[in-house]
Amino acid sequence: MSSGLKGEQLISKAAEIAEKWHDGQVHSFGDDTYYNMHLKPVADIVTRLGYGAMYVAGAYLHDSKEDTTITDEDLLGEGIPTEVVHAVNLLAKKDGEHHEDYLRGIITSAIATVDKYADSSFNFSWTTLNSPNGDDTKFASRHLEYAHNIAVLRPHLPETS
């Protein structure tokens, strides 16, 4: 059972946490903040697909465990529901973890599935649009990885309400 913030309060708090904890980070996709260049667009995809607050909160926080020192206790203490914290943990790839095992773990959580699908969709689009600015090897590797993620995750997306 979910405990913690709900609805718009949850989304606002997750966005606030993401922006604070990623402060000073930049994304390889542009000159703006990591929050504006990646986290907000991924959360916007989740919103536009029709998913609710817990999914959107997870999208804002999806890179938190990989890119910051935030802990489960920090997130729970801010009112983030346990289901979202669990999804955020699944979205953090462990050192040495095989990619297929990583994706299998993600599909055990509806929130993680939706958020990784949105993340991969954003990354696939951005990689494609910016292909003239990168080297061919990196482009091909990233393009294929994101396309694979989308193909694997798509059949596991839950219906929206």
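Refer to the structure above for everything that follows.
Procedures and definitions
Residues numbered from 1 in each chain as written. Predicted model: local features only at pLDDT ≥ 70, side-chain atom pairs only at ≥ 80, totals over all residues. Heavy atoms only, no water. Salt bridge = Lys/Arg side-chain N within 4 Å of Asp/Glu carboxyl O. Helix = DSSP H or I, 4+ residues; strand = E, 2+ residues; numbered from the N terminus. Buried < 20%, exposed > 50% of the residue type's maximum accessible area, 1.4 Å probe, protein only. Core = buried A, V, L, I, M, F, W, Y, C linked by side-chain atoms within 4.5 Å. Contact = heavy atoms within 4.5 Å.

Engineer: Tell me about the pattern of salt bridges, residues and numbers included.
Structural biologist: All told, the structure shown has six salt bridges when counted by the stated rule. Among the salt bridges present, the one from Lys13 reaches Glu16, with a minimum N-O distance of 3.1 Å. With Lys13 and Glu16 both in helix α1 (residues 7-21) and three residues apart, this pair spans about one turn of that helix. Using a relative accessible area of 19% as the deciding quantity, one classes Lys13 as buried. The salt bridge partner of Lys13 is Glu78, with a shortest N-O separation of 3.1 Å. Of the two residues, Lys13 is situated in helix α1 and Glu78 in the loop between α5 (72-77) and α6 (82-91); the sequence distance between them amounts to 65 residues. Looking at Glu78, the relative accessible area reads 34%, which means it is partly exposed.

Engineer: Before we move on, can you summarise the nonpolar core with the specific residues and values?
Structural biologist: One finds Val46, Tyr60, Leu61, Leu75, Ile80, Val84 and Ile106 to be the most contacted residues of the largest nonpolar core, which totals 41 residues. For this core, the secondary structure elements donating two or more residues are α1, α2 (34-49), α3 (53-61), α6, α7 (99-106), α8 (110-129) and α9 (136-153). Among the elements that line this core, the one with the most residues is α3, at seven residues.

Engineer: Run through α3, naming residues and quoting values.
Structural biologist: Most of α3 sits inside the fold, with eight of its nine residues counted as buried. Summarising the contacts, the buried residues of α3 are in contact with α1, α2, α4 (64-67), α5, α6 and α8.

Engineer: So, the environment of Gly4: which residues are in play, and what are the values?
Structural biologist: Inspection of the secondary structure assignment puts Gly4 in the segment before α1. Classification of Gly4 by relative accessible area gives partly exposed; the value is 44%. Along the sequence, Gly4 and Ile80 sit 76 residues apart, while their C-alpha atoms lie 5.5 Å from each other.

Engineer: Explain α6 residue by residue, including any values.
Structural biologist: All of the buried residues along α6 are Val84, Val85, Ala87, Val88, Leu90 and Leu91. Along its buried surface, α6 packs onto α3, α4, α5, α7 and α8.

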